[in-house]
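Residue-level listing of the chains:
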Amino acid sequence: MVSRRHLLAGLAAILVPATAHASTPAKPAAKKKPPKPEPRLVITINKVSQKMTVTLDGDTVYKWPVSTGAPGYETPSGTFRPFRMEKEHYSNEWDDAPMPHSIFFTAGGHAVHGSYHVKSLGRRASHGCVRLHPDNAAKLFALVKKTGMSNTRVVVKGGVFADGGTAPRKTRKGDFFGLFD
């Protein structure tokens, strides 16, 4: 015959989860990392339309024409965090070309900056940087400085296709990056 104590212990094991037993200490809940805050300032460059949209806390504050990389001098697509700002910068690579109000976003030297070639704005004309009218570059520079580089993202979209992608290049006859080996 089953004793009353064994019967109650059996029922308790069925009805109460194991972590609720007094003899078994409950595991502490895993601490979740808080989600990273959304960037406050987003600078979106569309290489297809050659336009920049600047949003602060989700509100559009500026829309400007730009010039991105000319054929053979691509502006990289992706999401970047600016890491260096220079009010007066001259290109080391392109004959000391002035790059006022530069906001650098790639280690390869790509930057958003002012340009005195304002007649080229709205079409691909740069060596890979994102060119702006000098007055607009000064406004953007001040806004990034005020908001902080850590709270800013540079998003570069567009290419052959509107979603930002490009068609794969053939590396040799019939081989698209080794997909058909």
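Note: the structure precedes this text.
Keep in mind the model is a prediction, meaning the values are calculated, not measured.

Caption draft 1: Here's a closer look at the overall build of the protein chain. A tally of helices and strands in the protein chain yields 2 helices and 9 strands. Of the regular secondary structure in the protein chain, the N- to C-terminal order runs α-β-β-β-β-β-β-β-β-α-β. Relative to its 181 residues, the protein chain shows a buried fraction of 32%. Counted over contacts in the protein chain with a minimum sequence separation of 6, partners at least 24 positions apart contribute 53%. Accessible surface, the protein chain: about 12,500 Å² in total, of which carbon and sulfur atoms supply 58%.

Caption draft 2: Main features of the pairing of strand β1 (residues 41-46). Taking every second residue as pointing to the same face, the buried face of β1 carries L41, I43 and I45, while none of V42, T44 and N46 on the other face is buried. The pairing of β1 with strand β2 (residues 51-56) spans 6 bridges and is classified as antiparallel. Residue pairing across strands places N46 opposite K51, the latter belonging to β2. What sits between the antiparallel neighbours β1 and β2 is a turn of 4 residues, in which Q50 has the positive phi angle 55°.

Caption draft 3: Fine view of the nonpolar core. Counting residues in each nonpolar core, the largest one holds 21 residues, and the members touching the most others are I45, M52, V112, L132 and L140. Elements that contribute at least two residues to this core include exactly β1, β2, β8 (130-132), α2 (134-147) and β9 (152-157). Broken down by element, the residue count for this core peaks at 5 residues, all from α2. When sequence neighbours within four positions are dropped, the list of residues in contact with V112 reads I45, M52, H101, S102, I103, F105, V130, L132 and L140.

Caption draft 4: Highlighting the environment of Y90. With respect to the element layout, Y90 can be found in the loop between β5 (84-86) and β6 (102-104). Separated by 10 residues in the primary sequence, Y90 and P100 place their C-alpha atoms 7.8 Å from one another. Apart from the residues within four sequence positions on either side, Y90 is in contact with D96, A97 and P98.

Caption draft 5: View of the side chain of T68. By secondary structure assignment, the location of T68 is in the loop between β3 (59-65) and β4 (78-80). Here the side chain of T68 touches Q50 through a polar contact of 2.7 Å, side chain to side chain. Ignoring anything within four residues of it in the chain, the contact list for T68 reads I45, K47, Q50, T75, R123, R124, A125, S126, C129 and V130.

Caption draft 6: Inspection of the sheet that holds strand β7 (residues 111-114) at higher detail. Pairing is mixed in the open sheet, where 4 strands are placed in the order β5-β6-β7-β8. Strand pairing shows two members of the sheet lacking a second neighbour, β5 and β8, which therefore form its edges. When the angles between neighbouring strand axes are averaged without regard to direction, this sheet yields 15°. Strand direction decides the pairing type here: β5 and β6, joined by 3 bridges, are antiparallel. Within the sheet, the bridge partner assigned to E86 lies in β6 and is S102.

Rules and cut-offs
- Residues numbered from 1 in each chain as written.
- Predicted model: local features only at pLDDT ≥ 70, side-chain atom pairs only at ≥ 80, totals over all residues.
- Heavy atoms only, no water.
- Helix = DSSP H or I, 4+ residues; strand = E, 2+ residues; numbered from the N terminus.
- Buried < 20%, exposed > 50% of the residue type's maximum accessible area, 1.4 Å probe, protein only.
- Contact = heavy atoms within 4.5 Å.
- Areas by Shrake-Rupley, 256 points an atom, 1.4 Å probe, with all protein chains shown as cover.
- Pairing = 2+ DSSP bridges.
- Core = buried A, V, L, I, M, F, W, Y, C linked by side-chain atoms within 4.5 Å.
- Polar contact = N/O pair within 3.5 Å; in protein donor to acceptor, adjacent residues only side chain to side chain.
- Axes fitted to C-alpha atoms, helices over the stretch in contact; angles between N-to-C directions.

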